[in-house]
Amino acid sequence: MTEQNLVYFERHGDIGVVIVDNPPVNALSPGVPEGIVKHIDAGAADPAIKAMVVIGAGRSFIAGADIRQFGKGRPPLARKPYDAYEQSSKPIVAAIHGYALGGGLENALACHYRIAVASAKVGLPEVLIGLLPGGGGTQRLPRLIGPKAALDLIVSGRHVPAPEAAELGILDRVVPSDADLKLEAIKFANEISDKRPLRLIRDLVAKLPEGEDIFEAKKKEISRRARNQIAPYNNIKAVQAAVEMQFDDGLKRERELFEELVNSNESKALRYAFFAEREAQKLPDVPKGTPVKTIKTAAVVGAGTMGGGIAMCFADAGIPVQVLEISEEALEKGFERIRNNYEVSVKRGSLEAAEMVKRVALISKATAYEQIAEADVVIEAVFEEMGVKQQVFKEIDRVMKPDALLLTNTSALDIDQIAEVTSRPEKIGGAHFFSPANVMKLLEVVKGAKTTPEVTASTMALGKLISKAPAACGNCDGFLANRSRTPFNSEMVIMLEEGCLPEQVDKVMVEFGYPMGPFAVGDLAGLDIGYAGRKRRAEADPNYRTLPIADKLVEMGRLGQKTGAGWFKYEKGDRTPHPDPIVTDLINLMSKDMGNTPRSFTDEEILKRLLFSSVNEACKILEEKISYRASDVDIMWLYGFGFPRYRGGLMYWADGIGVQQVYNQIAAWHQAYGDRWAPSDLLRRLADKKVSFREAHTLVG
Ligand code: 3HC
Ligand code: NAI
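Reading the values: the criteria
Residues numbered from 1 in each chain as written. Chains lettered and ligands numbered in written order. Predicted model: local features only at pLDDT ≥ 70, side-chain atom pairs only at ≥ 80, totals over all residues. Heavy atoms only, no water. Near = heavy atom within 4 Å. Polar contact = N/O pair within 3.5 Å; in protein donor to acceptor, adjacent residues only side chain to side chain. Areas by Shrake-Rupley, 256 points an atom, 1.4 Å probe, with all protein chains shown as cover. Patch = residues over 30% accessible without salt bridge, like charges linked within 9 Å, V, L, I, M, F, W, Y side chains within 5 Å. Salt bridge = Lys/Arg side-chain N within 4 Å of Asp/Glu carboxyl O. Helix = DSSP H or I, 4+ residues; strand = E, 2+ residues; numbered from the N terminus. Buried < 20%, exposed > 50% of the residue type's maximum accessible area, 1.4 Å probe, protein only. Core = buried A, V, L, I, M, F, W, Y, C linked by side-chain atoms within 4.5 Å. Contact = heavy atoms within 4.5 Å. Pairing = 2+ DSSP bridges. 1 Å grid on protein atoms, 1.4 Å probe; cavity = no way out; pocket = protein on both sides within 12 Å on 5 of 7 lines; lining within 4 Å. Points joined across faces, edges and corners; volume = space filled by probe spheres on them. Nonpolar A, V, L, I, M, F, W, Y, C, P; charged D, E, K, R; others polar. Right-handed = clockwise from strand over helix to strand, strands pointing away. Domains from an automatic or database assignment. Axes fitted to C-alpha atoms, helices over the stretch in contact; angles between N-to-C directions. Parallel < 35°, antiparallel > 145°, perpendicular 65-115°, else oblique. Left-handed = near helix turned anticlockwise from the far one by under 90°. Disulfide = S-S within 2.5 Å.

## Notes on the site of ligand 2
Working step 1: Taken together, the neighbourhood of ligand 2 is formed by 22 residues, with Met306, Glu325, Glu384, Lys389 and Ser411 sitting nearest.
Working step 2: Residue Met306 places a main-chain N or O atom 2.7 Å away from an oxygen atom belonging to ligand 2.
Working step 3: A distance of 2.5 Å is found between an oxygen atom of ligand 2 and a side-chain nitrogen or oxygen belonging to Glu384.
Working step 4: For ligand 2, whose free accessible area comes to 830 Å², the fraction covered by protein is 80%.

Here you go:
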């Protein structure tokens, strides 16, 4: 496309309107900044023009720089839009709808005025892709709204709704969401066209609040979450420059700090994750434009740990949801838990009390299937037993309207066996939430053998509707996420048999970037869940690798936090895990009984033992076409298991080590430990052909 098409100019009386038209989100791709400069300069030079408006065509203002262009070594622009706006002798109004993010907001901040519709959102989210606002945002925003508020916005990267942005002073006027923004902006431009002197943000001073070291306080606040990262700290340094330096020196400092980030592994991984998330929405066997079911009401069967959380997801999205249980008593217990969860959020200040009342009111009780018959979607979350699930699905099939989406939250059971008891197996699919369901963002969308593309597409769309990150896969024991994670879970316990301790494993994984170590996570979730799964698998498979230490712990009544002890011990009312000598003794004793001599482990060995075992399993999953592509594995690990986002995801991380190296190590462990480490055929072929994990699907065909 030429810059002519990407940016064009309209004349409305005395007002010149510069329109950016680069679908879908008006990113600042090559040609867009050049087009803006050309038209702004032309408008400034035209005596018939008194003021100008910059506006976006389509669904948005400008969503920022074109993220795909970073690292491509494009030469800097000879003249930037910021200079064109600031050097204009005529006032310029940025007119915002949709999103003004990153470079988009930076463009608006270099204009003289900003007007937006109420539904618009603005923000500087660069930190979320490992960058900082490199177009003057770190220098202008603190001057406009003060360094403290600017620091909060820039370091969090959050999208700010227009009414709040107006309160903060970012916007000069907000018009109703349904107003004609172009007309309103032209009206505004006419009102201010003669106003002089022209106010530029660069001429303002960013004053620190007295007696407060906002920069040190922010570093402290983010220290846990920003572990191993540099971008959040460079963002802080850049805002600090806004209060300590003259504007132009601050811009130079911002540029230096930006350059440190743009080629960092952290930013590359975060940019990869951004696109992987979007790629996950594209399903090769679901044609584009497949109709999706409109969801206005929902029902959940089972108000236990998961059912309650799933009901909250609907209520949080403003969708009325019914919850069906076997008895009034079980329903009451479920509701109690839902209310408690909301109350904790209110106490923490993350939810207004009035909002809690609204959400609780959206959740209603049901004890007979007839009561939920009109729901657009029903999600089953009863006990993980095939017989119970089949019984429930027979009932669901009996009452639900023909076009309802019928979904199961099973963790590992065969979706096809559940579907086959109904008269409409093609309407059944998996919607696998992760615990706690109202918090974890992953929604694993599972396709059964007969599930139609409409049902899969509708389940993906449902995920978006309730603010989840949906990613799809096929049907197998454990589906994609849990199946790829299972070898990790086994290996962490097998390492104990060789002399490792839970506290050492947890330390390594927390240092790697997980919010919690895997043993502490096990204690939080409850060790009885894994125990039951192992028993089930051991019964079905005589070669199943049992985990005697993990089993013994459960048989001792150590089920995790809920019993005050699991892999670690817990003080009453405190969730901090403490190493427990009883567990150390048990590990020593049992590993000796197994004939092992305890040995020491390096941190690197622990990390690779855990993650490589899962990489190998993920290759099997890809080979079996249960997964479309490695990037979907990454999305599931990022959103389902808390894998550090700045490492891109399991497979992206493994690519950083190299397919050949991963293969060699797995082959060596195959020799040392036997069959469970047998390299998958796909892994062997990837290594032979020097194809990366990210391109693995190209070898699957
Ligand atoms: N660059 C390149 N492509 C982009 C893009 C960007 N900044 N923003 C969105 N896209 C693409 C997406 O990849 C997607 O492409 P696809 O259809 O081929 O998958 C398409 O645009 C639509 O995007 P979404 O599916 O995400 O659309 P939504 O409506 O759900 O969300 C959005 C819109 C909130 C704008 C979201 O796309 C987003 O967050 N974009 C990124 C915003 C951002 O990070 N901006 C800062 C960029 S860095 C910068 O400006 C540096 C500067 O300071 C120097
Ligand atoms: P839970 O035991 O906490 O809750 C199950 C609920 O279902 C109970 O309240 C029970 O009364 C109800 N129930 C049982 N039979 C019923 C029936 N016939 N009709 C209506 N209600 C019935 O179990 P949890 O943990 O919530 O698990 C539910 C499902 O979610 C299982 O399939 C599980 O595998 C899956 N899952 C669990 C996760 C977890 O971490 N707990 C994570 C992801 C999925």
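## A word on a nonpolar patch on the surface
Working step 1: On the surface, a nonpolar cluster with roughly 210 Å² of combined accessible area is contributed by Met516, Val521 and Leu524.
Working step 2: Position of Leu524 among the secondary structure elements: in helix H21 (residues 518-525).
Working step 3: Taking relative accessible area as the criterion, Leu524 reaches 41% and is therefore assigned partly exposed.

## Looking at the nonpolar core
Where a protein is soluble and globular, its nonpolar side chains tend to be buried together.
Working step 1: Of all hydrophobic cores here, the largest spans 106 residues; its most connected members are Trp567, Leu611, Met651 and Phe693.
Working step 2: Residue contributions to this core peak at 10 residues, all from helix H25 (residues 603-623).
Working step 3: Sequence-distant contacts of Leu611, that is, excluding residues within four places in its chain, are made with Phe488, Met509, Phe512, Tyr514, Trp637, Phe643, Leu650 and Trp653.
Working step 4: Counting residues in hydrophobic clusters, the runner-up holds 70 residues, among them Ile15, Ala100, Leu105 and Ile236.

## Regarding the sheet that holds strand S5 (residues 99-101)
Working step 1: Here we have 3 strands laid out as an open sheet, ordered S5-S7-S8, and mixed in their pairing. Each of the sheet's edge strands pairs with one partner strand only, and the pair in question is S5 and strand S8 (160-161).

## A closer look at the layout of surface pockets
Working step 1: Of the voids in this model, the second largest pocket is the one considered here, and its volume is about 710 Å³.
Working step 2: Taken together, 22 residues line the second largest pocket, and the ones lying closest to its centre are Thr486, Ser490, Tyr544, Glu617 and Arg676.
Working step 3: Its residues assigned to classes, the lining of the second largest pocket shows 6 nonpolar, 6 polar and 10 charged.

## Some points on the site of ligand 1
Working step 1: If you check the shell around ligand 1, you find 24 residues, and the closest are Arg59, Ala65, Glu106, Glu126 and Arg278.
Working step 2: Backbone polar atom of Ala65 to a nitrogen atom of ligand 1: 2.8 Å apart, as the coordinates give it.
Working step 3: Residue Glu106 places a side-chain N or O atom 2.8 Å away from an oxygen atom belonging to ligand 1.
Working step 4: In the complex, the protein chains occlude 78% of the 990 Å² of accessible area that ligand 1 would expose alone.
Working step 5: Residue assignment for the shell around ligand 1 shows that the elements contributing at least two residues are S5, helix H4 (103-110) and helix H12 (265-279).
Working step 6: A class-by-class count of the residues in the shell around ligand 1 yields 14 nonpolar, 4 polar and 6 charged.

## Observations regarding the side chain of Lys608
Working step 1: Mapped onto the elements of the fold, Lys608 is located in helix H25.
Working step 2: Excluding anything up to four places from it in sequence, Lys608 contacts Ser613, Ile657 and Trp669.

## Points about the pairing of strand S13 (residues 377-380)
A regular strand carries its side chains on alternate faces of the sheet.
Working step 1: Burial of the side chains of S13 extends over both faces: Val377 and Ile379 are buried on one face and Val378 and Glu380 on the other.
Working step 2: Summarising the sheet, strand S10 (residues 298-301) and S13 pair through 4 bridges and their orientation is parallel. Note that in S13 the partner of Val301 across the bridge is Glu380.
Working step 3: Where S13 and strand S14 (residues 405-408) come together, 4 bridges link them in parallel fashion. In the sheet register, Glu380 faces S14, and the bridge partner there is Thr408.
Working step 4: Taking the sense of rotation as the criterion, the β-α-β connection linking S13, helix H16 (residues 386-399) and S14 turns out right-handed.

## Things to note about the side chain of Ser613
Working step 1: Along the chain, the position of Ser613 falls in helix H25.
Working step 2: From its side chain, Ser613 meets the backbone oxygen of Arg609 in a polar contact 3.4 Å long.
Working step 3: Among all residues touching Ser613, those that are not within four sequence positions of it are Pro487, Phe488, Glu491, Lys608 and Trp677.

## Description of the pairing of strand S3 (residues 51-56)
Working step 1: With 6 of 6 residues buried, S3 is to be regarded as a mostly interior element.
Working step 2: What you see with S3 is no split at all: Ala51, Val53 and Ile55 on one side and Met52, Val54 and Gly56 on the other are buried throughout.
Working step 3: Handedness of the crossover joining strand S2 (residues 15-20) and S3 through helix H2 (residues 32-45): right-handed.
Working step 4: Relative to strand S4 (residues 92-96), S3 is paired through 4 bridges, and the arrangement is parallel. Residue pairing in the sheet places Val54 in a bridge with Ala94 of S4.
Working step 5: Each parallel crossover has a hand, and the one from S3 via helix H3 (residues 81-87) to S4 is right-handed.

## Some thoughts on unusual backbone geometry
Working step 1: In this structure, Pro24 follows Pro23 across a cis peptide bond, with omega equal to 5°.
Working step 2: By the element assignment, Pro24 lies in the loop between S2 and H2.
Working step 3: For Asn26, which is not glycine, the phi dihedral falls at a positive 55°.
Working step 4: Inspection of the secondary structure puts Asn26 in the loop between S2 and H2.

## Re the domain arrangement of the protein chain
Reports often express the size of an interface as the amount of accessible area lost when the parts come together.
Working step 1: As assigned here, the protein chain comprises domain 1 (3-263), domain 2 (298-477) and domain 3 (482-700).
Working step 2: The gap between the C-alpha centroids of domain 1 and domain 2 is 41 Å.

## Quick notes on the packing of helix H28 (residues 659-673) against helix H29 (residues 681-689)
Working step 1: At a minimum axis distance of 8 Å, the contact between H28 and H29 shows a crossing angle of 135°. With respect to H29, the axis of H28 lies oblique. Where H28 crosses over H29, the handedness of that crossing is left-handed. Residue-level contacts link Val659, Gln660, Tyr663 and Ile666 of H28 to Leu683, Arg684, Leu686 and Ala687 of H29.
Working step 2: Classifying every residue of the contact of H28 with H29 by side-chain character gives 6 nonpolar, 1 polar and 1 charged.

## A word on the packing of helix H14 (residues 328-348) against helix H15 (residues 353-361)
Working step 1: H15 packs onto H14 with a crossing angle of 160° between their chain directions and a minimal axis gap of 10 Å. By the angle between their axes, H14 is roughly antiparallel relative to H15. The way H14 lies across H15 gives a crossing that is right-handed. Mapping the contact onto sequence places Arg339, Tyr342, Glu343 and Val346 in H14 and Ala353, Met356, Arg359 and Val360 in H15.

## Some thoughts on the state of the cysteines
Working step 1: For the structure on display, the rule yields 0 disulfides.
Working step 2: For the unlinked cysteine Cys476, the closest cysteine sulfur is that of Cys473, found at 6.7 Å.

## A closer look at the sheet that holds strand S12 (residues 363-366)
Two modes of strand pairing occur in sheets, parallel and antiparallel, and in both the strands are linked by backbone hydrogen bonds.
Working step 1: Strands sit in the order S12-S11-S10-S13-S14-S15-S16-S17 across an open sheet of 8 strands; the sheet is mixed. Of all strands in the sheet, those with a lone pairing partner are S12 and strand S17 (469-474), marking the two edges. Taking each pair of neighbouring strands and ignoring which way they run, the sheet shows an average axis angle of 25°.
Working step 2: In the sheet, strand S11 (residues 321-324) pairs with S12 via 4 bridges, with the strands oriented parallel. Opposite Leu324, over in S12, you have Ala366 as the bridge partner.

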